[in-house]
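# Observations on the three-dimensional arrangement
In case you want the letters, here they are:
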Amino acid sequence: MAYSLTDINYRTVADPAGLIAEGDAQYRANVESAAEMIAEHLSVSPIVLLSGPSGSGKTTTAMKIAEALERHGVRSHYVGMDDYFNTISPETTPRTPEGEYDLESPLCLDMELMNRHFTMLSRGERIYVPKYEFSRKMRAYEPSKSIKLGQDEIVIFEGIHALNDMITDRHPEAFKLYISARSDVEFEGKVVFKRTWFRLVRRMVRDFNFRGSAPDETMGMWANVRRGEKAYISPFKEKADFRFDSSLPYELPVFNRTATELFQSVPEGIERFEELRGVLPALQLFGEIDESLVPKDSLIREFIGGGCYEY
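So, how was this worked out
Residues numbered from 1 in each chain as written. Predicted model: local features only at pLDDT ≥ 70, side-chain atom pairs only at ≥ 80, totals over all residues. Heavy atoms only, no water. Helix = DSSP H or I, 4+ residues; strand = E, 2+ residues; numbered from the N terminus. Rg over C-alpha atoms; globule rule 2.2 N^0.38 Å. Buried < 20%, exposed > 50% of the residue type's maximum accessible area, 1.4 Å probe, protein only. Areas by Shrake-Rupley, 256 points an atom, 1.4 Å probe, with all protein chains shown as cover. Lys, Arg positive; Asp, Glu negative; His and termini not counted. Charge placed at Lys NZ, Arg CZ, Asp CG, Glu CD. Pairing = 2+ DSSP bridges. Phe/Tyr/Trp six-rings, centres within 6.5 Å; stacked < 30°, edge-to-face > 60°. 1 Å grid on protein atoms, 1.4 Å probe; cavity = no way out; pocket = protein on both sides within 12 Å on 5 of 7 lines; lining within 4 Å. Points joined across faces, edges and corners; volume = space filled by probe spheres on them. Nonpolar A, V, L, I, M, F, W, Y, C, P; charged D, E, K, R; others polar.

From N to C terminus, the protein chain includes 10 helices and 12 strands. Taking 311 residues into account, the globule formula puts the C-alpha radius of gyration at 19 Å, and the protein chain, at 20 Å, falls close to it. For the protein chain, the spread of C-alpha atoms along the principal axes amounts to about 55 × 50 × 35 Å. Looking at the 311 residues of the protein chain, the share that counts as buried comes to 53%. By element, 49% of the accessible surface of the protein chain is carried by carbon and sulfur atoms, the whole surface being about 14,400 Å². Of the charged side chains in the protein chain, 38 are positive and 49 negative, and the gap between their average positions amounts to 2 Å.

Written out as structure tokens, the structure is:
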């Protein structure tokens, strides 16, 4: 779908609360639809695989689906697939064509252990989920949690590689979700803000707010992130039982001031700088909405902070 720049800018001034409420209502409808389908699928499999590219809001969406499932009488457990990362090793970690570690590759994950855990959970057996320490780039000795599914319980495995053939070919019965910001913004029939830019803006703001990353660092990583998406994520999205658009019509006016400052600070010469030349003037097409109007349970609180969920 596509949003209208004219409509967004008009309502940013005339009815920002209504614009926010309308966007959140559509998002909640998607969450409810996904939860209903998962609940109906429970008799087939208790495993839910949730995939999507960076900046899609996968973590918040997984939490909201879990809340919706509770209303259907289904208890949820959450597992981030990042905890199945293998310890970084010069001998075994895959590399990019430039010789750097390719941390976007599914071969960074312990697929054998993960697939074994899916089978054990489906049999009602207990698993011990590993814990990955990103600061040390290695797996911890102690597990992060243990899970044993009871009646009317499911487990949501969330990660960018959740729909990869290495998982879904061995567990085709699992329920599969794909989440991404999938809407452009148009003006007079032309795209003026691309759907991929939604995610770049989200990631730029989040990395600055919560990961201490300077804008040039995030922009410098974006090229490899996009390569990884095209190679390892997008080819598998058609496998999803439900595809979820996580874009919100009000998010760019909320992000605008902070994002503009961050993009303006990126120096010339980094990879994909030409893309930056397109994003910055496109951001300036939007007005501004004060983030204090954004509900505490909004998806974009994952990126700006001040929300009711813990990440």
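Picking up after the structure, the text goes on.
Counting buried residues in strand E2 (residues 47–51) gives 5 out of 5 residues, a clear majority hidden from the surface. The sheet contact formed by E2 and strand E8 (residues 153–158) spans 4 bridges and is parallel. The residue of E8 that forms the bridge with Ile 47 is Val 155. As judged from the 4 bridges shared by E2 and strand E9 (residues 175–180), these two strands associate in the parallel manner. From the neighbouring strand, Leu 49 faces E9, where its bridge partner is Lys 176.

Time to look at the packing of aromatic side chains. For any pair of aromatic rings, the description consists of the separation of the ring centres together with the inter-plane angle of the planes. Summed over the entire model, instances satisfying the criterion amount to 12 aromatic pairs. Ring geometry for Phe 85 and Tyr 132: centres 5.4 Å apart, planes at 40 degrees, overall tilted. One end of the pair, Phe 85, is in the loop between strand E3 (75–80) and helix H4 (111–122); the other, Tyr 132, is in strand E5 (residues 132–133), with 47 residues separating them in the sequence. With a relative accessible area of 10%, Phe 85 lands in the buried category. Look at Phe 193 and Phe 286: their rings are 5.7 Å apart centre to centre, the planes differ by 85 degrees, and that puts the pair in the edge-to-face class. Remark: Phe 286 occurs in the loop between helix H9 (273–283) and helix H10 (301–304) and Phe 193 occurs in strand E11 (residues 190–193); sequence separation between them is 93 residues.

For the rest of this paragraph, the subject is the layout of surface pockets. Taken as a whole, the second largest pocket encloses approximately 280 Å³ of empty space. What lines the second largest pocket is a set of 18 residues, and nearest its centre among them are Met 1, Tyr 3, Gln 26, Ser 247 and Pro 249. Elements represented by at least two residues in the lining of the second largest pocket include exactly strand E1 (2–4), helix H1 (5–14) and helix H2 (16–41). Classifying every residue of the lining of the second largest pocket by side-chain character gives 7 nonpolar, 6 polar and 5 charged.

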